Amino acid sequence: MVEPETLSHPELSPPSPAWRPGDPRPDVASMLRVDQAGEYGATRIYAGQLAVLGDGQPASRLIARMASQEQRHLRSFDALLAERGVRPTLLQPLWSVAGHMLGAATALLSPQAAMACTAAVEDEIDKHYGEQLAALGAEEPALAATIGEFQADEREHRDRALEAGAEESFGYPLLYSAIRAGCRVAIELSKRI
Ligand SMILES: [Fe+2]
Ligand SMILES: [Fe+2]
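Thresholds applied
- Residues numbered from 1 in each chain as written.
- Chains lettered and ligands numbered in written order.
- Predicted model: local features only at pLDDT ≥ 70, side-chain atom pairs only at ≥ 80, totals over all residues.
- Heavy atoms only, no water.
- Salt bridge = Lys/Arg side-chain N within 4 Å of Asp/Glu carboxyl O.
- Helix = DSSP H or I, 4+ residues; strand = E, 2+ residues; numbered from the N terminus.
- Buried < 20%, exposed > 50% of the residue type's maximum accessible area, 1.4 Å probe, protein only.
- Donors = N, O, S within 2.8 Å, 3.2 Å for Na, K, Ca; no water.
- Tetrahedral: all angles 85-135°; square planar, octahedral: opposite > 155°, others 65-115°.
- Axes fitted to C-alpha atoms, helices over the stretch in contact; angles between N-to-C directions.
- Parallel < 35°, antiparallel > 145°, perpendicular 65-115°, else oblique.
- Left-handed = near helix turned anticlockwise from the far one by under 90°.
- Contact = heavy atoms within 4.5 Å.
- Nonpolar A, V, L, I, M, F, W, Y, C, P; charged D, E, K, R; others polar.
- Polar contact = N/O pair within 3.5 Å; in protein donor to acceptor, adjacent residues only side chain to side chain.
- pLDDT = per-residue confidence, 0-100.

This brings us to the pattern of salt bridges. According to the stated counting rule, one finds 16 salt bridges in the structure shown. The salt bridge partner of Glu 156 is Arg 65, with a shortest N-O separation of 3.2 Å. In this pair, Glu 156 is assigned in helix H6 (residues 141–163) and Arg 65 in helix H3 (residues 58–84), connecting sequence segments 91 residues apart. Classification of Glu 156 as partly exposed rests on a relative accessible area of 22%. For Asp 153, the salt bridge identified is with Arg 72, shortest N-O distance 3.0 Å. Taken together, the residues Asp 153 in helix H6 and Arg 72 in helix H3 connect sequence positions 81 residues apart.

Structure follows, in structure tokens:
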């Protein structure tokens with residue numbers, strides 16, 4: 001029988017996991033994992049929209065351009081995961097299906113609903129990248145520069161989607177809030193799993 005006093009003896013306690021400046025940050029792996037998941041999800045949403053709209057709609061050109069930027073973002077995070085030995089989220093197969101379904105469903109509603117989807121997703125991602133930049137502060141300057149650049153692209157996607165009539169979609173406030181809420185859930189899950 002071990003006395004409780006023995007367990008609490010400082011010499012027998014596990015080493016402190018305290019993080020010190022200069023150590024690799026323990027939260028960066030989680031940041032890279034969720035960012036790679038988000039960019040992957042974005043490529044799946046746009047693939048779903050293009051599968052429904054084809055390339056003949058006025059919205060298709062804009063969606064194809066945004067999709068190619070998401071591919072570039074995804075390639076960067078794929079490379080960062082490989083470089084740092086971070087595994088991707090185990091939920092990738094789920095985001096593949098959920099992203100494609102969200103893209104296809106919104107495009108089936110209307111091209112404006114497809115734009116509403118982009119406005120909602122990009123507002124959530126803009127906030128998410130902003131929080132990561134605040135958490136990084138002056139550390140990891142190269143990663144922060146990448147995130148800052150992608151955040152600017154995401155804001156531009158949101159602005160183009162609003163110009164293309166996102167807010168004219170049927171039931172916009174509800175659609176917008178539901179998609180943002182879904183993104184928040186996906187972000188929290190991808191940080192952890
Ligand atoms: Fe992106
Ligand atoms: Fe985007």
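Take the environment of Asp 78 next. Along the chain, Asp 78 falls in helix H3. Sequence separation of Asp 78 and Ala 37 is 41 residues, and the distance between their C-alpha atoms is 9.6 Å.

Within the first shell, the iron ion (ligand 2) binds the protein through Glu 70 (OE), Glu 122 (OE), Glu 154 (OE) and His 157 (ND1), at distances of 1.8 to 2.4 Å. Around the iron ion (ligand 2) sit four donor atoms, and with donor-metal-donor angles ranging over 85 to 124° the site reads as tetrahedral. Here the donor residues of the iron ion (ligand 2) share one chain and are spaced in sequence as E-x51-E-x31-E-x2-H. The distance between the iron ion (ligand 2) and the iron ion (ligand 1) comes to 3.7 Å, with Glu 70 serving as a donor to both metals. Remark: Glu 154 occurs in helix H6 and Glu 122 occurs in helix H5 (residues 111–136); sequence separation between them is 32 residues. Taken individually, Glu 122 and Glu 154 each receive the classification buried, so the pair is uniform in this respect.

Each pair of packed helices gets described by two things: the angle between the helix axes and the distance between those axes. Where helix H2 (residues 28–53) contacts helix H4 (residues 92–109), the two axes come as close as 7 Å, and the packing angle between them is 40°. In terms of axis orientation, H2 runs oblique to H4. As for the relative orientation of H2 and H4, their crossing is right-handed in sense. Across from Gln 36, Ala 37, Tyr 40, Gly 41, Arg 44, Ile 45, Ala 47, Gly 48, Gln 49, Ala 51, Val 52 and Leu 53 in H2, the residues of H4 making contact are Gln 92, Trp 95, Ser 96, Gly 99, His 100, Leu 102, Gly 103, Ala 104, Thr 106, Ala 107 and Leu 108. A per-class count over the contact of H2 with H4 returns 12 nonpolar, 10 polar and one charged.

Of the protein atoms, only Glu 39 (OE), Glu 39 (OE), Glu 70 (OE), His 73 (ND1) and Glu 154 (OE) coordinate the iron ion (ligand 1), at distances of 1.9 to 2.7 Å. Binding-site remark: the iron ion (ligand 1) is held by donors from one chain whose sequence spacing is E-x30-E-x2-H-x80-E.

By the element assignment, Tyr 46 lies in helix H2. If we skip the residues at most four places from it in the chain, Tyr 46 touches Ile 63, Met 66, Ala 67, Glu 70, Thr 118, Glu 122 and His 157. A polar contact of 3.2 Å, which involves the side chain of Tyr 46, links it to the side chain of Thr 118.

It is worth spelling out the packing of H3 against H6 at this point. It is at 11 Å that the axes of H3 and H6 come closest, and there the two elements cross at 165°. By the criterion of interaxial angle, the relationship of H3 to H6 is roughly antiparallel. Helix-helix and strand crossings are classified by hand; for H3 and H6 the assignment is left-handed. Facing Leu 62, Arg 65, Met 66, Gln 69, Glu 70, Arg 72, His 73, Ser 76, Phe 77 and Leu 80 of H3, the residues of H6 in contact are Leu 143, Ile 147, Glu 149, Phe 150, Asp 153, Glu 154, Glu 156, His 157 and Arg 160. When its residues are assigned to classes, the contact of H3 with H6 shows seven nonpolar, four polar and eight charged.

This part covers the confidence of the model for the protein chain. Overall, the prediction assigns the protein chain a mean pLDDT of 88, with 87% of residues at 70 or greater. Model confidence for the protein chain, summarised as mean pLDDT per element, is weakest for helix H1 (residues 4–7) at 47 and strongest for H6 at 96.

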